[in-house]
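# Observations on the model geometry
Listed below are the residues making up each chain.
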Amino acid sequence: ILVVIKKLDYRSEPWNVLLTTFWLGMMMVAPLVLYNRVYTALHFSSVGVPWIDDLLIAFTRGAFPEEVLKFLVLYGYCIRRPEFREPMDGVVY
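What comes next is a walk through the structure. Everything quoted here is computed from the prediction, not taken from an experiment. (Residues numbered from 1 in each chain as written. Predicted model: local features only at pLDDT ≥ 70, side-chain atom pairs only at ≥ 80, totals over all residues. Heavy atoms only, no water.)

## Observations regarding the packing of helix α2 (residues 15-27) against helix α3 (residues 29-42)
Selection criterion: For helices, the fitted axis covers only the stretch in contact; all axes are lines through C-alpha atoms, and the angles between them, taken along N-to-C directions, range from 0 to 180 degrees. What counts as a helix is a DSSP run of H or I of at least four residues, what counts as a strand is a run of E of at least two, and both are numbered from the N terminus. Angles are sorted into four bins: roughly parallel if under 35 degrees, roughly antiparallel if over 145, roughly perpendicular if 65 to 115, and oblique for all others. Any two residues whose heavy atoms approach within 4.5 Å are treated as being in contact.
Running from amino to carboxyl end, α2 crosses α3 at an angle of 15°, the nearest separation of the two axes being 5 Å. Accordingly, the angle class assigned to the pair α2 and α3 is roughly parallel. Facing α2, whose interface residues are G25, M26 and M27, α3 presents V29, A30 and P31.

This is the structure:
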């Protein structure tokens, strides 16, 4: 997918920045694993309704921490790069 997006981008991004962003994203797995272990160890109480419990777990254990970590990579590394010139770059990175 990255190769297709890179070819469609008329102002192509440098490979070194794309690969660094990719590796930083992969490194975000470590804090996510730690967060999930702490979350599991604390045994958060359930509401008692199975579908609400599943929804809360999906957001608090999955979606929210993953999106926060992706934002940190985007904001902490990508936005500060001079190659980050247009909104489409946020999608590419």
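## A closer look at the nonpolar core
Our working rule: Residue types Ala, Val, Leu, Ile, Met, Phe, Trp, Tyr and Cys, when buried and joined through side-chain atoms within 4.5 Å, form a set referred to as a nonpolar core. Think of it in three bands: residues with accessible area under 20% of the maximum for their type are buried, residues over 50% are exposed, and the middle band is partly exposed, with areas taken using a 1.4 Å probe on protein chains only.
Of all hydrophobic cores here, the largest spans six residues; its members are V17, L18, Y77, C78, V92 and Y93. Contributions of two or more residues to this core are made by α2 and α4 (50-78). Apart from the residues lying within four places of it in its own chain, the contact partners of Y77 are V17, T20, T21, L24 and L72.

## A few points about a nonpolar patch on the surface
Rule in force here: Surface patches are defined over residues having more than 30% relative accessible area and no salt bridge, joining like charges when they lie within 9 Å and nonpolar side chains (Val, Leu, Ile, Met, Phe, Trp, Tyr) when within 5 Å. For accessible areas, the Shrake-Rupley method is used with a probe of radius 1.4 Å. Any residue's cover is judged against the shown protein chains and nothing else. Whenever Lys or Arg places a side-chain nitrogen within 4 Å of a carboxyl oxygen from Asp or Glu, that contact is recorded as a salt bridge.
On the surface, a nonpolar cluster with roughly 610 Å² of combined accessible area is contributed by V3, W15, L19, F22, W23 and M26. Top contributing element to the nonpolar patch by residue count: α2, with five residues. Considering the arrangement of structural elements, one finds L19 in helix α2.

## So, α2
The test is simple: Given a helix with a known number of residues, its expected span is that number minus one, times 1.5 Å. The arc in question is the one traced by the directions running from the helix axis out to the C-beta atoms.
Across its 13 residues, α2 extends 18 Å between first and last C-alpha, which sits within 8% of the 18 Å expected from 1.5 Å per residue. Within α2, the full set of buried residues consists of V17, L18 and T21. The arc that holds the buried residues of α2, viewed along the axis, is 100°, so those residues lie on one side. Exposed residues lying more than 90 degrees from the buried face of α2 are N16 and M27. Contact partners of the buried residues in α2: α1 (2-8), α4 and α5 (87-92).

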